[in-house]
Amino acid sequence: EEFELRVHRALFGSFTDAGDWEVRLVRAHFGCEILQERSMVVTGGTVEDVDTKQWDVSCCCAYGDQSPRECEDGEYKVCVAEDGETYRPIPAADGSQTLTIHPTNSLIDQGLFSGQRASARAGRTQRVLFKGYDLPQATTGRLALMAPGGDGGLPECGGAAA
């Protein structure tokens, strides 16, 4: 999937040449200064005026000399280097700090990931976290509760199958 990314600086915000600007998209939980395996390096770009540069971004990831591959869905920081070397995060025009990417040809099915396990002590409240992909507010994923030493057969929960 492709999308257009436009960076516009405030009038007199700096005096660098927009032709030197470089941009990368980095997973939101990382910093701009390190090129991670899942970063999107965006090359080229077209200078629209002294304060604006636009890139056509193809949603694939590249790292070092590796060949591009599809990006993961999720939140990314937009990081700009006005000098072509020192990257810093920039917000969107609406003030949001991240860009959400949802490639249309994702190969992962929507829902809870299988094979996840958690343990909790009986008689106590315990918060557990299960991961999934593109989860809606309500999910049809199932949770099995088993007694200690459960053999993986049909689990019981209060006398009824869960």
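Keep in mind the model is a prediction, meaning the values are calculated, not measured.

Engineer: What should I look at first to understand the pairing of strand β4 (residues 46–49) in this one?
Structural biologist: Moving residue by residue along a regular strand, the side chains alternate between the two faces of the sheet. Looking at chain direction, β4 and strand β5 (residues 52–58) are connected through three bridges and run antiparallel. From the neighbouring strand, T46 faces β5, where its bridge partner is Q54. As consecutive antiparallel partners, β4 and β5 are separated by two residues.

Engineer: Hey, could you run me through the pattern of salt bridges in this one?
Structural biologist: Side-chain pairs of opposite charge can arise whenever the charged atoms involved come near each other. According to the stated counting rule, one finds five salt bridges in the structure shown. Across the pair R9 and D51 runs a salt bridge, and its minimum N-O distance is 2.6 Å. Here R9 is found in the loop between β1 (2–8) and β2 (22–27), whereas its partner D51 is found in the loop between β4 and β5, with 42 residues between them in sequence. Note that R9 is salt-bridged to E82, the shortest N-O span being 3.4 Å. Pair noted here: R9 is in the loop between β1 and β2 and E82 is in the loop between β8 (74–81) and β9 (88–90), with a separation of 73 residues, a long-range link. What makes R9 buried here is its relative accessible area of 11%.

Engineer: Sorry if this is basic, but what is going on with the state of the cysteines here?
Structural biologist: Simply put, disulfide is the name for a covalent bond between the sulfur atoms of two cysteines. All chains considered together, the criterion is met by one disulfide. Two residues, C32 and C79, share a disulfide whose sulfurs are 1.9 Å apart. Given an S-S torsion of about -70 degrees, the disulfide between C32 and C79 has left-handed geometry. One end of the pair, C32, is in the loop between β2 and β3 (40–42); the other, C79, is in strand β8, and 47 residues separate them in sequence. Like C32, the residue C79 is buried in the burial classification.

Engineer: Whenever I open this one, the environment of G111 confuses me. Can you help?
Structural biologist: Mapped onto the elements, G111 comes out in strand β11 (residues 111–112). Spatially, the C-alpha atoms of G111 and Y133 are 5.4 Å apart, while their sequence positions differ by 22 residues.

Engineer: Looking at this structure, I do not really get the pairing of β5. What am I missing?
Structural biologist: Of all seven residues that make up β5, five are buried, and the element is covered over most of its length. Relative to β5, β1 runs antiparallel, the two sharing seven bridges. Counted as the bridge partner of E4 is D56 from β5.

Engineer: How should I be thinking about the nonpolar core in this particular structure?
Structural biologist: Soluble globular proteins tend to bury their nonpolar side chains together. Ranked by internal contacts, the top residues of the largest apolar core, which has 15 residues, are V23, L25, W55 and V78. For this core, the elements supplying multiple residues, two or more each, are β1, β2, β3, β5 and β8. Counting residues per element, this core draws most heavily on β8, which supplies three residues. Residue contacts for V78: discarding those within four places in its chain leaves L5, V23, R24, L25, R88, P89, I90 and L99. Counting five residues, the second largest nonpolar core, distinct from the first, contains V26, C79, A81 and Y87.

Calculation rules
- Residues numbered from 1 in each chain as written.
- Predicted model: local features only at pLDDT ≥ 70, side-chain atom pairs only at ≥ 80, totals over all residues.
- Heavy atoms only, no water.
- Pairing = 2+ DSSP bridges.
- Helix = DSSP H or I, 4+ residues; strand = E, 2+ residues; numbered from the N terminus.
- Salt bridge = Lys/Arg side-chain N within 4 Å of Asp/Glu carboxyl O.
- Buried < 20%, exposed > 50% of the residue type's maximum accessible area, 1.4 Å probe, protein only.
- Disulfide = S-S within 2.5 Å.
- Core = buried A, V, L, I, M, F, W, Y, C linked by side-chain atoms within 4.5 Å.
- Contact = heavy atoms within 4.5 Å.

Honestly, it's all geometry; don't read function into it.
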